[in-house]
4 protein chains.
Amino acid sequence: MPVDVVDKLEDPRHSKPEEGWREKLYEIIFESHTRAGKIFDIVLIALILSSVAVIMLESIEPVYERHKILFRSLNLLYTILFTIEYILRLSCVKKPAEYARSFYGIIDLLAILPSYLEIFFPHTHFLMLIRSFRLLRIFRIFKMINFLQESRLLVFSLIRSYRKIVVFLSFVVLLAVFLGSIMYVLEYEKNPGFTSIPQSIYWAIVTITTVGYGDIAPHTALGKILASFIMILGYAIIAVPTGIVSANFLKEWRQEKQNPLTRCEHCLLEGHEFDAQYCRRCGHQLEEQS
Amino acid sequence: MPVDVVDKLEDPRHSKPEEGWREKLYEIIFESHTRAGKIFDIVLIALILSSVAVIMLESIEPVYERHKILFRSLNLLYTILFTIEYILRLSCVKKPAEYARSFYGIIDLLAILPSYLEIFFPHTHFLMLIRSFRLLRIFRIFKMINFLQESRLLVFSLIRSYRKIVVFLSFVVLLAVFLGSIMYVLEYEKNPGFTSIPQSIYWAIVTITTVGYGDIAPHTALGKILASFIMILGYAIIAVPTGIVSANFLKEWRQEKQNPLTRCEHCLLEGHEFDAQYCRRCGHQLEEQS
Amino acid sequence: MPVDVVDKLEDPRHSKPEEGWREKLYEIIFESHTRAGKIFDIVLIALILSSVAVIMLESIEPVYERHKILFRSLNLLYTILFTIEYILRLSCVKKPAEYARSFYGIIDLLAILPSYLEIFFPHTHFLMLIRSFRLLRIFRIFKMINFLQESRLLVFSLIRSYRKIVVFLSFVVLLAVFLGSIMYVLEYEKNPGFTSIPQSIYWAIVTITTVGYGDIAPHTALGKILASFIMILGYAIIAVPTGIVSANFLKEWRQEKQNPLTRCEHCLLEGHEFDAQYCRRCGHQLEEQS
Amino acid sequence: MPVDVVDKLEDPRHSKPEEGWREKLYEIIFESHTRAGKIFDIVLIALILSSVAVIMLESIEPVYERHKILFRSLNLLYTILFTIEYILRLSCVKKPAEYARSFYGIIDLLAILPSYLEIFFPHTHFLMLIRSFRLLRIFRIFKMINFLQESRLLVFSLIRSYRKIVVFLSFVVLLAVFLGSIMYVLEYEKNPGFTSIPQSIYWAIVTITTVGYGDIAPHTALGKILASFIMILGYAIIAVPTGIVSANFLKEWRQEKQNPLTRCEHCLLEGHEFDAQYCRRCGHQLEEQS
């Protein structure tokens, strides 16, 4: 599964049609080495950025009140443009289903969906901000291949450690449930903040994660002692996810370091250590490669 | 002791009776490869989840006021069911004492104890939320063996670093005591927040751990300077537990990856990878060692 | 580019004139092994420190009101002195353009610029505090070469990981945009704090980074649940930059410790320690390589 | 210097007198293998703990008002007892000056000093809480040698990384000065919290370190944008000290791991890598040792 997930982060490969208008369209929309492709990319980024800015401004009430009609027409325009773009993308790739299921394909769909959902559920209007994720394309467009490789490495590392992190976070949540309910027992009669156990659990999460809003804070002496204990606990266990990720990055880098050029000529095993002279599987002597 | 602690995290092994109704009951309650076992596990998880939800809802006063009788009967029901379950578990294992002292055995007991304590100490009612820890069984039930192994590794690493972490946390507490009392001297006449030294120590812990509620904050210039120093200190020393755990994870992983038992009989090189069959230095065949 | 950036952190090398008054001036201003040079350095540090203190005091209104004229004349004096110093520095180096573009050259310019900008934009007055960065010279002046090397290593490591960190931070910002807009949808009608999407994004950043001012906090149940999720997320992903930097420090140190240029001519083993004179595998003498 | 500092953490070695009452006193006070020594240690810990508790209770005004005379006499008693103890310690070691300058010697002195300073400066009364540091003796007394070794390792690692951490923290402080003064320019007319630059710097430190009290928070749009930037910066650079310490812990452990048993018979060089067969300094073959 990990490899699967990472592959979906890439645009679909082997998807370029061989000839005709679809090949040309593909070159413009998906690639950026032609003049038309570059212009398309820059216009697209500008559209995404301006549409995100429009939604943000729209949410500021006095601004919205003054320019109601402008905002509505702009939103309509963006929806039409992004829908056309999505249809074009679908129509010019060789395997539309593969594109639709790829990481960018899903983002592209999610970016237009709220505009249509809005007709039925007006509250979903601001979910259009999911469009901002389309900005991830910037990395691809500006040939920032190195950045992409870095993010692949990041994603790989996180996927490899996700089991440990899931175990860790379940533990943190259970701890918050338990400590929150103890705090409730200690505080609920003397403190208007600890009105119920879910509220206390919310407070425990705010405290363990060291966020500490201060909208709810312990009042009793016992509550403060337990709170101090929870804080120190949160301060100490933040080390765990960090340790997991650090160790994984180092592993990743070590595997990168393992001599990729040495391959046993006999059994074709790769990934020998740097000081290896004989294949560890078949005992055949390894040849030196520069 | 470390090994001991980790072993207690597992269900008792070698505890399955060889025949009779106890063997069948064991299969249903402790195992999950039979149909009855699967149904039992799912019902159990559902019961735990719903009982946790009931306790949480109960703590919200307006909800409780409206459904008082419902909540009381539900709590009685859960207590009876979990007690029966605990008795069944005890009766079907070969060595009941071993189960009772195992990690899950203790959790199972703690989950029913508050219901009985409540008769004498009404305030312990919400400690029933300790039941939520029974959800840890989810990992075992759904055959998430990999997750369990990961958590074993986590627990191992933490146990190996617990001495360093204890030393570190004692130091943090002593620091909080000392800095809190200095802050008290600086602030107590000008600031209604720093009413006493224990209160100042509480503030110092809130600050060192970077939680920062803001319910108490320095008012004087000197107090703010010292507070800035404490914050920077807390920001810097959070590196210590993280460093400890990171280094330990790496050690753990290194030891896991390299077979410490394999040694080339010919050139005496140690530390071969687990899949190695031939020495990477001299090409001599490695012998199998258990 | 990385090497370039780090080189700019150093004072221009090979820039000392060979003879005449410019050589002497260079010795006084840029070097510190002569008596005059030492006095110049100490006076300079004193001037920078006092000018920083003056600007800080000036910003406290009651203090400023009482000593208006004193502050104005002091500021004029500092501006004149630092301008003269900058001109002298430019005039005594061999390649003034190189100095002007170096790290310290830019800081020196930025330290006097706001004084002149102030004539046109009064609000830039307090940007003069950029002078405080000139204090970085302290490391160089007091022969704290080890500290400088350490900071080079730090800067190197950070530069090597900047791509990963940029990818990570863009991701955090996109996440804040997305989660902030969801929170806005959940809270804006019941909570006077979430007035607009930009405000909600600000809140999301305050929460993800675990700062947690508490000036805005969720009021609705759903909002609190999402906020808890965001906090736990922030608590978990702080592990990512830490992991990146930890792994890079280790790489840096490894590369520092092992001489990459030394290779045994006989058995081709690489990665000998710096003090190695004989191959640790075959005992053959290692040849010196520059 | 590092070695020096760590040595001071230990009680003075080779300091035990050879004979007479001083030897016996030394055994009681400094050692704990005799019956009298154990009793002395337990009484001492009890005295320290109770004296710390007394000072804390004393600071709670209503408690103090009621038991004024009791507190005064208790404080007098503790001062007398700890002074006698300090004099006895000085008198029974072979080299009193060495003890007085050792880590524990300084703590012991600091624990009685405030009681005498109080006569002249009443405000130093609560500095007596420095006595709590004497509790560090617990580690030594209860033969928790492993804990001591761990703390030595911790202290070693921190001392080795102190240069990098000093550079890093100076940078954080300069950043806080600079960003604080920009925030002051942006906010001071619209926000009663940002009254002066020192106040803004205090706010910047509260924010960079992710403490986030919320007693001061930005009001303007520009201020919030800059604040968001500062938070993300603080969130990212916390990785730096953690990375430094992690890398150092690993180094420490690696050096521990380097085969301590292998020593070149010819040139006596120690610390060969595990796969070394020939001395890297003189090329002499290393002998196998179990």
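Residues numbered from 1 in each chain as written. Chains lettered and ligands numbered in written order. Predicted model: local features only at pLDDT ≥ 70, side-chain atom pairs only at ≥ 80, totals over all residues. Heavy atoms only, no water.

**Points about the overall build of chain A**
In terms of regular secondary structure, chain A is built from 12 helices and 2 strands. Secondary structure elements of chain A, listed N to C terminal, follow the sequence α-α-α-α-α-α-α-α-α-α-α-α-β-β. When each of the 290 residues of chain A is scored for burial, the buried share is 54%. Accessible surface for chain A amounts to roughly 13,700 Å². Of this, 66% is attributable to carbon and sulfur atoms. (Helix = DSSP H or I, 4+ residues; strand = E, 2+ residues; numbered from the N terminus. Buried < 20%, exposed > 50% of the residue type's maximum accessible area, 1.4 Å probe, protein only. Areas by Shrake-Rupley, 256 points an atom, 1.4 Å probe, with all protein chains shown as cover.)

**A word on the relation of the copies chain C and chain B**
For the pair chain C and chain B, the superposition axis carries a translation of 0.0 Å, the fit reaches an RMSD of 0.3 Å, and the rotation angle comes to 180 degrees. Viewed as a symmetry operation, the transformation between the two copies matches a two-fold axis. Same-surface contact between copies: 100% of interface residues of chain C are shared with the interface of chain B. (Least-squares fit on C-alpha atoms with pLDDT ≥ 70 in both. Contact = heavy atoms within 4.5 Å.)

**Things to note about the interface of chain C and chain B**
Tallying the contact residues gives 6 residues for chain C and 6 residues for chain B. Buried area between chain C and chain B, both sides added, is near 290 Å², and the carbon and sulfur share of it is 48%. Put simply, chain C and chain B have 0 residue pairs in polar contact (both at pLDDT 80 or more) between them. The class makeup of the residues in the side of chain C that touches chain B is 2 nonpolar, 3 polar and 1 charged. (Buried area = accessible area lost by both parts, 1.4 Å probe. Polar contact = N/O pair within 3.5 Å; in protein donor to acceptor, adjacent residues only side chain to side chain. Nonpolar A, V, L, I, M, F, W, Y, C, P; charged D, E, K, R; others polar.)

**Things to note about the packing of aromatic side chains**
Inspection of every chain in the model, using the stated rule, returns 31 aromatic pairs over all chains. Ring geometry for A:Tyr184 against A:Tyr188: centres 4.5 Å apart, planes inclined by 25 degrees, an arrangement best described as stacked. Of the residues examined, A:Tyr184 reaches a relative accessible area of 3% and is grouped as buried. Classification of A:Tyr188 by relative accessible area gives partly exposed; the value is 27%. Here D:Phe194 and D:Trp203 contribute two aromatic rings whose centre-to-centre distance is 5.3 Å and whose plane-to-plane angle is 65 degrees, an arrangement assigned as edge-to-face. Since its relative accessible area comes to 1%, D:Phe194 is described here as buried. An aromatic cluster is present here, built from A:Tyr26, A:Phe30, A:Tyr86 and A:Tyr99 joined pairwise through their rings. The aromatic ring of A:Phe30 is capped on one face by A:Arg89, whose charged end is 5.0 Å from the ring centroid. (Phe/Tyr/Trp six-rings, centres within 6.5 Å; stacked < 30°, edge-to-face > 60°. Lys NZ or Arg CZ within 6 Å of the ring centre and 35° of its normal.)

**Section: the packing of helix α10 (residues 197–208) of chain D against helix α11 (residues 221–237) of chain D**
Residues and elements named next belong to chain D. Packing of α10 against α11 brings their axes to within 8 Å, and their N-to-C directions diverge by 50 degrees. By the angle class used here, α10 and α11 are oblique. In this structure, α10 contributes Trp203, Thr207 and Ile208 to the contact, and α11 contributes Ala227, Ile230, Met231, Gly234 and Ile237. Within the contact of α10 with α11, the residues separate by chemical class into 6 nonpolar, 2 polar and no charged. (Axes fitted to C-alpha atoms, helices over the stretch in contact; angles between N-to-C directions. Parallel < 35°, antiparallel > 145°, perpendicular 65-115°, else oblique.)

**A closer look at the pattern of salt bridges**
All names here are of chain A. What the rule picks out here adds up to 15 salt bridges over all chains. Notably, a salt bridge pairs arginine 89 with aspartate 108, separated by 3.7 Å at the nearest N-O pair. Here aspartate 108 lies in helix α7 (residues 103–120) and arginine 89 lies in helix α5 (residues 68–92), a separation of 19 residues in the sequence. Grouping residues by exposure puts arginine 89 and aspartate 108 together as buried. Overlapping salt bridges, with partners in common, bring together Glu85, Arg89 and Asp108 in one network. (Salt bridge = Lys/Arg side-chain N within 4 Å of Asp/Glu carboxyl O.)

**Notes on the confidence of the model for chain A**
Residue and element names in this part refer to chain A. On average, chain A scores 78 in pLDDT, and the residues at 70 or more come to 76%. In the model of chain A, helix α1 (residues 2–9) stands out as the element of lowest mean pLDDT, 41, in contrast to helix α10 (residues 197–208), which has the highest, 93. Segment residues 1–12 is flagged for pLDDT under 50; beyond a separation of four residues in sequence, or across chains, it makes 25 contacts in the model. Across the interface, the model reports ipTM at 0.78; the global pTM reads 0.81. (pLDDT = per-residue confidence, 0-100.)

**Some points on the side chain of A:Ser200**
Looking at where A:Ser200 falls in the secondary structure, it is placed in helix α10. Classification of A:Ser200 as buried rests on a relative accessible area of 0%.

**Here's the deal with helix α5 (residues 68–92) of chain B**
With 25 residues, α5(B) ought to run about 36 Å at 1.5 Å a step, and its terminal C-alpha atoms sit 37 Å apart, in line with that. Turning to α5(B), its buried residues are B:Phe71, B:Asn75, B:Tyr78, B:Thr79, B:Phe82, B:Thr83, B:Glu85, B:Tyr86, B:Arg89 and B:Cys92. (Expected span 1.5 Å × (residues − 1).)

**Remarks on the environment of C:Leu57**
All names here are of chain C. Relative to the assigned elements, leucine 57 resides in helix α3 (residues 35–58). Between the alpha carbons of leucine 57 and phenylalanine 71 there is a distance of 9.1 Å; along the sequence they are 14 residues apart. The residues touching leucine 57, leaving out its near neighbours within four places in the chain, are Val63 and Phe71.

**Topic: a nonpolar patch on the surface**
All names here are of chain A. Where nonpolar side chains cluster on the molecular surface, the patch consists of Ile106, Leu109, Leu110, Leu113, Tyr116, Leu117, Ile119, Phe120 and Phe121 and spans about 840 Å² of accessible area. For tyrosine 116, the position within the fold is in helix α7. The class of tyrosine 116 is partly exposed, set by a relative accessible area of 38%. (Patch = residues over 30% accessible without salt bridge, like charges linked within 9 Å, V, L, I, M, F, W, Y side chains within 5 Å.)

**Structural notes on the side chain of D:Ser115**
Residues and elements named next belong to chain D. Tracing the backbone shows serine 115 in helix α7 (residues 103–120). Relative accessible area serves as the criterion here: at 9%, serine 115 is assigned to the buried category. A polar atom in the side chain of serine 115 sits 3.4 Å from the side chain of threonine 79.

**What to know about the packing of helix α5 (residues 68–92) of chain C against helix α7 (residues 103–120) of chain C**
The relative placement of two packed helices comes down to the angle between their axes together with the axis-to-axis distance. Residue and element names in this part refer to chain C. Viewed as axis vectors pointing N to C, α5 and α7 meet at an angle of 145 degrees, and their least axial separation amounts to 10 Å. As α5 runs across α7, the sense of the crossing is left-handed. Contact residues: Thr79, Phe82, Thr83, Tyr86 and Arg89 in α5; Gly105, Asp108, Leu109, Ile112, Ser115 and Tyr116 in α7. Taken together, the residues of the contact of α5 with α7 sort by class into 5 nonpolar, 4 polar and 2 charged. (Left-handed = near helix turned anticlockwise from the far one by under 90°.)

**Brief notes about unusual backbone geometry**
In this structure, B:Thr210 is a non-glycine residue whose phi angle is positive, near 60 degrees. With a relative accessible area of 4%, B:Thr210 lands in the buried category.

**Considering the environment of B:Ile28**
Residues and elements named next belong to chain B. Within the element layout of this structure, isoleucine 28 appears in helix α2 (residues 20–29). Look at isoleucine 28 and you get partly exposed, because its relative accessible area is 28%. With residues up to four places along the chain from it excluded, the contact list for isoleucine 28 reads Ala36, Gly37 and Phe40.

**Observations concerning the environment of B:Cys92**
Residue and element names in this part refer to chain B. Considering the arrangement of structural elements, one finds cysteine 92 in helix α5. When the C-alpha positions of cysteine 92 and arginine 163 are compared, they lie 38 Å apart, and in sequence the two are 71 residues distant. In this view, cysteine 92 contacts Pro17, Arg22, Leu25, Tyr26 and Phe30; residues no more than four positions away in its chain are not counted.

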